[in-house]
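Take a look at the letters that make up each chain.
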Amino acid sequence: MADIRYRFLDLKPVNAPYEAALKEAANRVISSGRYLHGEETALLEKEIAELCGARYAIAVSNGLDALRLILRAYKELGIMNDGDQVILPANTFVATALAVSDAGLVPRLVDISPITLNMDTAKIEAAIIVRTRGIMPVHLYGTPCWDRMLKAIAESYHLKIIEDNAQAIGARSTTVGLNSSYSTGALGDAAGWSFYPTKNIGALGDAGMVTTCDESLAEAVRTLANYGADKRYHNIYKGNNCRMDEIQAAFLRVKLRHVHEENARRDRLAHIYSDNIINESITTPAFLPGKQVWHQYPLRVAERDRFRAYMLEHGVETDVIYPMPIHKLPCYADDYAELRFVEAEKLSQDLVCLPIGAHISAEDGRIIADIANSFK
Ligand SMILES: *Cc1c(COP(=O)(O)O)cnc(C)c1O
């Protein structure tokens, strides 16, 4: 096998430009003597709230915890109860569904749109039952999942909208959100964010965020993330320990200053791929109105596995994100054995993601596109 010239992902060059600033940030935290709930965390919360236009931001341990805490908080506030349903797309990372299950709620899957690759908002209404309490749109691959239909349905059925914003920091919709922002993370009632190292802005470890404009929800999330204590040794909920490390907050503040550059670089590469790939057996992703931040660049190729082998032979590593829709995963297969989601199942068969990130230059992008074009 030929050498891999273009890795699917390589985090070293992602963080290399920030190395000096990251070391300085680490030193600042080390000598501060404050390693949790310090100034860096408070400032990061403020910066994320400002970035998206949410009133409150609560720094937490990771993206799964962010989503889990929102749902648990809705339960503590009496808005959701054990066994209630939350609607989410059949094609997402497992954490979206796990957050719902972990909170004692039931994930109700909806098929995706073959255009947006996000939840098909026209199919939401048919999935609503008496016990439906929420909708979790996932801004998958960096494409906002937000439109008038979604808003109108949530309004008429009194459903909470919890965005999974793990892949879409900096993305914008053309339809205004519930609180007059157009930015993902502030479109719905609450949002969970992830700063897992591979995300568009990644920590050097685990970290996540909750954003919302709802004061009582923000308070409940903050309390639940801190053992359920609203004051020291005064535990009003059976909570968790879901804090963000001060050192990760300091790292993230360094990288957050460059979020628009990082997203612009991804956008350039996505355009290079789309402008240069002209192979009839390859379908490139749709450029949609609003701002997509290209966490992934997803292609569709009927002979996906043969395409992947061909690319690898020519030095290009690809990945399939995700190879199985939620209802096919072993942990959910028993619950959802009878369900069929035609579009999500098709996507899991023909989806293949090209490398995208700081390790792929514009020139690399053209070369990779040429290799894809030579696939027959
Ligand atoms: C990464 C991711 C998560 C989970 O975030 P972690 O920080 O890894 O827990 C949730 N949803 C989606 C769509 C993700 O991509």
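The text that follows walks through the structure, step by step, so that each part is easy to find. Remember, it's a predicted structure, so these values are computed and weren't measured experimentally. (Residues numbered from 1 in each chain as written. Predicted model: local features only at pLDDT ≥ 70, side-chain atom pairs only at ≥ 80, totals over all residues. Heavy atoms only, no water.)

## Let's talk about the state of the cysteines
Counted by the stated rule, this structure contains zero disulfides. Between Cys-52, a cysteine without a disulfide, and Cys-213, which holds the nearest cysteine sulfur, the sulfur-to-sulfur distance is 7.6 Å. In this structure Cys-52 comes out as buried when scored by relative accessible area, which is 3%. Of the cysteine sulfurs around Cys-331, a residue in no disulfide, the closest is that of Cys-242, at 20 Å. (Disulfide = S-S within 2.5 Å. Buried < 20%, exposed > 50% of the residue type's maximum accessible area, 1.4 Å probe, protein only.)

## Let's talk about the site of the ligand
Contacts to the ligand come from 14 residues, most closely from Gly-63, Asp-164, Gln-167, Ser-194 and Lys-199. Gly-63 places a polar main-chain atom, nitrogen or oxygen, 2.7 Å from an oxygen atom of the ligand. Side-chain polar atom of Gln-167 to an oxygen atom of the ligand: 2.8 Å apart, as the coordinates give it. Contact with the protein chains hides 92% of the accessible area of the ligand, taken as 380 Å² for the molecule alone. Of all the secondary-structure elements, those providing two or more residues to the shell around the ligand are helix 4 (63-76) and helix 5 (94-102). The residue inventory of the shell around the ligand, partitioned by class, reads seven nonpolar, five polar and two charged. (Near = heavy atom within 4 Å. Polar contact = N/O pair within 3.5 Å; in protein donor to acceptor, adjacent residues only side chain to side chain. Areas by Shrake-Rupley, 256 points an atom, 1.4 Å probe, with all protein chains shown as cover. Helix = DSSP H or I, 4+ residues; strand = E, 2+ residues; numbered from the N terminus. Nonpolar A, V, L, I, M, F, W, Y, C, P; charged D, E, K, R; others polar.)

## Section: the packing of helix 4 against helix 7 (residues 215-224)
Direction vectors running N to C along helix 4 and helix 7 enclose 110°, while the axes themselves pass 9 Å from each other. Classified by the angle between their axes, helix 4 and helix 7 sit roughly perpendicular to one another. Both helix 4 and helix 7 take part in a crossing whose hand is right-handed. Judged by residue contacts, Leu-69, Ile-70, Arg-72, Ala-73, Tyr-74 and Glu-76 of helix 4 engage Leu-217, Ala-220, Val-221 and Leu-224 from helix 7. Among the residues making up the contact of helix 4 with helix 7, the classes are represented as eight nonpolar, no polar and two charged. (Axes fitted to C-alpha atoms, helices over the stretch in contact; angles between N-to-C directions. Parallel < 35°, antiparallel > 145°, perpendicular 65-115°, else oblique. Left-handed = near helix turned anticlockwise from the far one by under 90°. Contact = heavy atoms within 4.5 Å.)

## Some words on the nonpolar core
One recurring pattern in soluble globular proteins: nonpolar side chains tend to sit buried together. Ranked by internal contacts, the top residues of the largest apolar core, which has 49 residues, are Leu-71, Met-136 and Ile-162. Mapped by element, the contributors of at least two residues to this core are strand 1 (56-60), helix 4, strand 2 (85-89), helix 5, helix 7, helix 12 (342-350) and strand 12 (351-354). Sort the elements by how many residues they give to this core and helix 4 lands first, with seven residues. Excluding its chain neighbours within four sequence positions, the residues that come into contact with Met-136 are Leu-67, Leu-71, Val-86, Ile-87, Leu-88, Pro-89, Thr-96, Val-100, Met-119 and Ile-162. By size, the runner-up hydrophobic cluster in this structure holds 23 residues, among which are Trp-294, Leu-299, Tyr-310 and Met-311. (Core = buried A, V, L, I, M, F, W, Y, C linked by side-chain atoms within 4.5 Å.)

## Quick look at the pattern of salt bridges
Counted by the stated rule, this structure contains 20 salt bridges. In this structure, Asp-102 and Arg-68 form a salt bridge, with 2.8 Å as the shortest nitrogen-oxygen distance. Taken together, the residues Asp-102 in helix 5 and Arg-68 in helix 4 connect sequence positions 34 residues apart. Using a relative accessible area of 47% as the deciding quantity, one classes Asp-102 as partly exposed. (Salt bridge = Lys/Arg side-chain N within 4 Å of Asp/Glu carboxyl O.)

## Overview of the side chain of Thr-132
Among the structural elements, Thr-132 can be located in strand 4 (residues 132-135). Owing to a relative accessible area of 3%, Thr-132 belongs among the buried residues under this scheme. At a separation of 2.8 Å, a polar atom in the side chain of Thr-132 contacts the main-chain amide nitrogen of Ile-129. Those residues in contact with Thr-132 that lie beyond four places of it in its chain are Gln-85, Ile-87, Ala-127 and Leu-159.

## Quick notes on unusual backbone geometry
Going from Ile-321 to Tyr-322, the amide bond is cis rather than trans, its omega being 20°. Of note, Tyr-322 is situated in the loop between helix 10 (304-313) and helix 11 (330-333). Non-glycine residue Leu-117 carries a positive phi angle of around 65°. Along the chain, Leu-117 turns up in the loop between strand 3 (106-110) and strand 4. With phi around 60°, Tyr-233 is a residue other than glycine that occupies positive phi space. Here Tyr-233 lies in the loop between strand 8 (229-231) and strand 9 (234-235). Look at Tyr-233 and you get exposed, because its relative accessible area is 69%.

## Some words on the sheet that holds strand 4
Read from one edge of the open sheet, seven strands run 1-7-6-5-4-2-3, paired in mixed fashion. Since the sheet does not close on itself, it has two edges, and those belong to strand 1 and strand 3, each with one partner. Recorded for the sheet is a direction-independent mean angle of 25° between the axes of neighbouring strands. Two elements, strand 1 and strand 7 (residues 208-212), share five bridges in a ladder whose sense is antiparallel. (Pairing = 2+ DSSP bridges.)

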